[in-house]
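# Geometric and topological summary
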Amino acid sequence: MPAFTEIAVDPPLADSYRTLLRAGGGDCIAPAPSSEKIISGGSAPDVMERDLPTIDLKRLTSGSARERKACADAMARAASEWGFFQLTNHGVGRELMEEMRREQARLFRLPFETKEKAGLLNGSYRWGNPTATSLRHLSWSEAFHVPLATISQEDCDFGDLTSLSCLYMDDSTVAAALNGSCLACRGVMQEVAGAMSRVANTVAAVLAAKLTNTGHGGAGARAAAWSFPAGCDETTCFLRLNRYPACPFAADTFGLVPHTDSDFLTVLCQDQVGGLHLMKDSRWVAVRPRPDTLIVNIGDLFQAWSNNRYKSVEHKVVANAKTDRLSVAYFLCPSFDSFVGTCGEPSPYRAFTFGEYRKKVQEDVKTTGKKIGLPNFLKHSSVQ
């Protein structure tokens, strides 16, 4: 009996690539400036590979008062100067993340038709970019973007598995395999989400306190820091499982298009393949993978709350011609009706909710092909 890997596993990204290439007349990719070239699988002479600032999170709990302050200062400095940093001694075990990676790989090895149509993990599967109008909008990747509220429920919907039929396989075999894959993956996802949530909340509280306890905000702002960010709990955040398949057109293709994150902050665990690039001093730099670390990056909402002291930095994933890449990301998000707020007035941004922000981002992507983001919410916005 053939294994799953003998039928179509990858999404039809090559078809999307060829369609967009034809639509552009074969020459739709304009040469990028040297600092913005799409690099296949790692660094190149015009893209410097860098280590992110490293924060030893253990110093927050086991160090002296001086060490705790130094750790918080270093975290705030990295959030301001880089918008990214990496954590060591973060409390998320290597064994847990290795188990997550195994379950993640097993889930992505399911047939593409199953991933797309079976409603796995409450229909959270996505691939490529359905709004892409050119190759520079195409992401060579697939993902499950899972609301934590769904994986924490015992009745999480995996779709009508028994109605599926796969080539050379009977329905009952498919259903049993899918149920086993999804249920095992869900259990690990819950554990990973809990561990990453603790890291995200710790980092967010430290960064908020650095602004509200140093004269940047009043008493009200300082009190708000202890429950920061408002409106965030285990039902409002997301866990995203990413796979970036090997790409035969890597020189012309992004694994994930340049973007900023529409959350407060993101905690990322990546493998050692590499490919994450971020914008630093108006140039792309490649992030050197480091084992057993977690990467944290500031999102748009934190930049707004901090009155632009912390930076939500544009980043991307470059496609790799030779091998797949896997990563897991935790997104610290509030409820849709939560106001983002500010660490203190005067703020350059008008009041807005997370729901308003998400809706505007989606509208901009649909009408312009790209995200505009925070400039839309400036009190004196020049965006039309």
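On a predicted model such as this, the values are computed, not experimentally measured, just so you know.

### Regarding the pattern of salt bridges
- What the rule picks out here adds up to 16 salt bridges.
- D292 is paired through a salt bridge with R94; the nearest N and O atoms lie 2.5 Å apart. Of the two residues, D292 is situated in the loop between β10 (283–287) and β11 (294–298) and R94 in helix α4 (residues 94–108); the sequence distance between them amounts to 198 residues.
- Under the relative-accessibility criterion, R94 is labelled partly exposed at 48%.
- Notably, a salt bridge pairs K360 with D364, separated by 3.6 Å at the nearest N-O pair. You can see K360 and its partner D364 sitting in helix α11 (residues 354–368), four residues apart, about one turn around the helix.
- Exposure remark for K360: the relative accessible area of 29% places this residue in the partly exposed category.
- In the salt-bridge network here, residues are joined through shared partners; they are D10, K115, E142, R243 and D324.

### Observations regarding the packing of aromatic side chains
- Across all of its chains, the model carries 13 aromatic pairs by this definition.
- Ring centres of W140 and F249 lie 5.9 Å apart, and the angle between their planes is 70°; on these two criteria the pair is classed as edge-to-face. Within this pair, whereas W140 is found in the loop between β4 (125–127) and β5 (142–147), its partner F249 is found in the loop between β6 (238–244) and β7 (254–259), the two being separated by 109 residues in sequence. Of the two residues, W140 and F249, both sit in the buried class.
- Plain terms: the ring middles of F264 and F302 are 6.1 Å apart, the flat faces sit at 80° to each other, and that makes the pair edge-to-face. Placement of F264 in the loop between β7 and β8 (265–270) and of F302 in helix α10 (residues 300–305) is noted, with a sequence separation of 38 residues between them.
- A network of ring pairs unites the aromatic residues F108, F112, Y125, W127 and F144 as a single cluster.

Cut-offs used in this document
- Residues numbered from 1 in each chain as written.
- Predicted model: local features only at pLDDT ≥ 70, side-chain atom pairs only at ≥ 80, totals over all residues.
- Heavy atoms only, no water.
- Salt bridge = Lys/Arg side-chain N within 4 Å of Asp/Glu carboxyl O.
- Helix = DSSP H or I, 4+ residues; strand = E, 2+ residues; numbered from the N terminus.
- Buried < 20%, exposed > 50% of the residue type's maximum accessible area, 1.4 Å probe, protein only.
- Phe/Tyr/Trp six-rings, centres within 6.5 Å; stacked < 30°, edge-to-face > 60°.

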